[in-house]
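Spelled out from the first residue to the last, the chains are:
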Amino acid sequence: QVQLVESGGGLVQPGGSLRLSCEASGTIQSIVSMGWYRQHPGKERELVATITGGTTRNYADAVKGRFRIYRETSKNAVWLEMNSLEPEDTAVYYCRTRGINNYRAFDSWGQGTQVTVSS
């Protein structure tokens, strides 16, 4: 079973920065993609950014130019660097990892970390 541990959320003022981290543990043969999603109160979870194959990045339009996703493949870890944060970025952020474990596909989610942007 693959487990994800997230960290780095918190309270920040508008215009500030935060960095989220997520590390996958367990028996992992390979990781296909890692990414971050977020959920605003009362709304569905939405994609923030993903990285596939270690280099192909995809960002939601709302965060392009402000957020950056990157991986460290040796540690099965992914980070989300968030700059120029806005109150609208306030949400619970979830890490997601998809890959192969014991020759079977897995799709795991972290427990979520709260990001609050407020003055």
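Here, every reference points to the structure presented above.
What counts and how
- Residues numbered from 1 in each chain as written.
- Predicted model: local features only at pLDDT ≥ 70, side-chain atom pairs only at ≥ 80, totals over all residues.
- Heavy atoms only, no water.
- Buried < 20%, exposed > 50% of the residue type's maximum accessible area, 1.4 Å probe, protein only.
- Helix = DSSP H or I, 4+ residues; strand = E, 2+ residues; numbered from the N terminus.
- Pairing = 2+ DSSP bridges.
- Polar contact = N/O pair within 3.5 Å; in protein donor to acceptor, adjacent residues only side chain to side chain.
- Contact = heavy atoms within 4.5 Å.

**Regarding the pairing of strand E3 (residues 18-25)**
Item 1. Burial of the side chains of E3 is restricted to one face: Leu-18, Leu-20, Cys-22 and Ala-24 are buried, whereas none of Arg-19, Ser-21, Glu-23 and Ser-25 on the reverse face is.
Item 2. Bridging between strand E1 (residues 3-7) and E3 involves five bridges; their strand directions are antiparallel. By the bridge assignment for E3, Gln-3 is matched with Ser-25.
Item 3. Relative to strand E8 (residues 77-82), E3 runs antiparallel, the two being bridged by six bridges. When the bridges of E8 are listed, Cys-22 appears paired with Val-78.

**Notes on the side chain of Arg-38**
Item 1. Mapping Arg-38 onto the fold places it in strand E4 (residues 30-39).
Item 2. Here Arg-38 falls in the buried class, since its relative accessible area comes to 5%.
Item 3. One polar contact links Arg-38 to Asp-89, side chain to side chain, over a distance of 3.0 Å.
Item 4. Setting aside residues no more than four positions away along its own chain, Arg-38 makes contact with Glu-44, Arg-45, Glu-46, Val-48, Ala-62, Val-63, Phe-67, Glu-88, Asp-89, Ala-91, Val-92 and Tyr-93.

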